[in-house]
Amino acid sequence: YNNSFRIGLGPYVGYRISSHSKLVYKDDDREKEKDNDSFYLNNFRYGLRLQLGYRSTDLLFNYDLNELFSEGKGPKLNAFSFGVVF
């Protein structure tokens, strides 16, 4: 198993529970501004995931099939993400 190559492909679904932004800046003192909002993001995400692995390391690639922002509230784009799992 440790010297084997793995590949996986399939769908994924996600739901946004919360979103926030934090801005930290220095005026005279260190200031923080926090904003809890939806930022017009879609609540549901769904797409395709590709996972490639060798030994104890995996590379993973996600592509959202739906748009990142609610209709008419932002640019039309689909999110893409990737990562490494050890």
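Our structure's up above, just so we're on the same page.
Remember, it's a predicted structure, so these values are computed and weren't measured experimentally.

A.B. asks: Teacher, can you tell me more about the overall build of the protein chain here?
C.D. replies: The helix and strand inventory of the protein chain stands at 0 helices and 6 strands. Starting at the N terminus, the α and β elements of the protein chain follow one another as β-β-β-β-β-β. Its C-alpha radius of gyration of 18 Å places the protein chain more than 25% over the 12 Å reference for a compact globule of 86 residues. Along the first, second and third principal axes, the C-alpha atoms of the protein chain reach 55 × 35 × 20 Å. Taking all 86 residues of the protein chain together, 14% fall into the buried category.

A.B. asks: Looking at this structure, I do not really get a nonpolar patch on the surface. What am I missing?
C.D. replies: Residues Leu9, Val13, Tyr46, Leu48, Tyr63, Leu65, Phe80 and Phe82 make up a contiguous nonpolar surface patch of about 920 Å² in total accessible area. Among the elements of the structure, β1 (5-15), β4 (44-54) and β6 (80-85) are those that each provide at least two residues to the nonpolar patch. As for its placement among the helices and strands, Tyr63 is situated in strand β5 (residues 57-64). Looking at Tyr63, the relative accessible area reads 37%, which means it is partly exposed.

A.B. asks: Before we go on, may I ask you to explain the side chain of Ser19 in this structure?
C.D. replies: Relative to the helices and strands, Ser19 resides in the loop between β1 and β2 (20-26). Residue class for Ser19 comes out buried when judged on its relative accessible area of 13%. Of note is the side chain of Ser19, whose polar atom sits 3.2 Å from the side chain of Arg16. Separated by 2.5 Å, the side chain of Ser19 and the backbone oxygen of Asp37 make a polar contact. When near neighbours in sequence (up to four residues on either side) are disregarded, Ser19 contacts Asp35, Asn36, Asp37, Ser38, Phe39 and Leu41.

A.B. asks: What am I meant to see in the side chain of Asp64 here?
C.D. replies: By the secondary structure assignment, Asp64 is in strand β5. In this structure the side chain of Asp64 is engaged in a polar contact, spanning 3.0 Å, whose partner is the side chain of Arg45. Leaving out residues up to four positions away in the same chain, Asp64 has contacts with Tyr12, Arg45, Tyr46, Gly47, Asn78 and Ala79.

A.B. asks: In this structure, what is going on with the packing of aromatic side chains? I would like to understand it.
C.D. replies: Any aromatic ring pair is given by two values, namely how distant the centres are and how the planes are angled relative to each other. The tally for this structure, following the rule as stated, stands at 2 aromatic pairs. Their ring planes at 45° and their centres at 6.3 Å tell us that Phe80 and Phe82 sit as a pair that is tilted. Per residue, the accessibility class of Phe80 equals that of Phe82, and both read exposed. For the cation-ring pair, Arg49 lies above Tyr12, with the distance from its terminal atom to the ring centre recorded as 5.5 Å.

Calculation notes
- Residues numbered from 1 in each chain as written.
- Predicted model: local features only at pLDDT ≥ 70, side-chain atom pairs only at ≥ 80, totals over all residues.
- Heavy atoms only, no water.
- Helix = DSSP H or I, 4+ residues; strand = E, 2+ residues; numbered from the N terminus.
- Rg over C-alpha atoms; globule rule 2.2 N^0.38 Å.
- Buried < 20%, exposed > 50% of the residue type's maximum accessible area, 1.4 Å probe, protein only.
- Patch = residues over 30% accessible without salt bridge, like charges linked within 9 Å, V, L, I, M, F, W, Y side chains within 5 Å.
- Areas by Shrake-Rupley, 256 points an atom, 1.4 Å probe, with all protein chains shown as cover.
- Salt bridge = Lys/Arg side-chain N within 4 Å of Asp/Glu carboxyl O.
- Polar contact = N/O pair within 3.5 Å; in protein donor to acceptor, adjacent residues only side chain to side chain.
- Contact = heavy atoms within 4.5 Å.
- Phe/Tyr/Trp six-rings, centres within 6.5 Å; stacked < 30°, edge-to-face > 60°.
- Lys NZ or Arg CZ within 6 Å of the ring centre and 35° of its normal.

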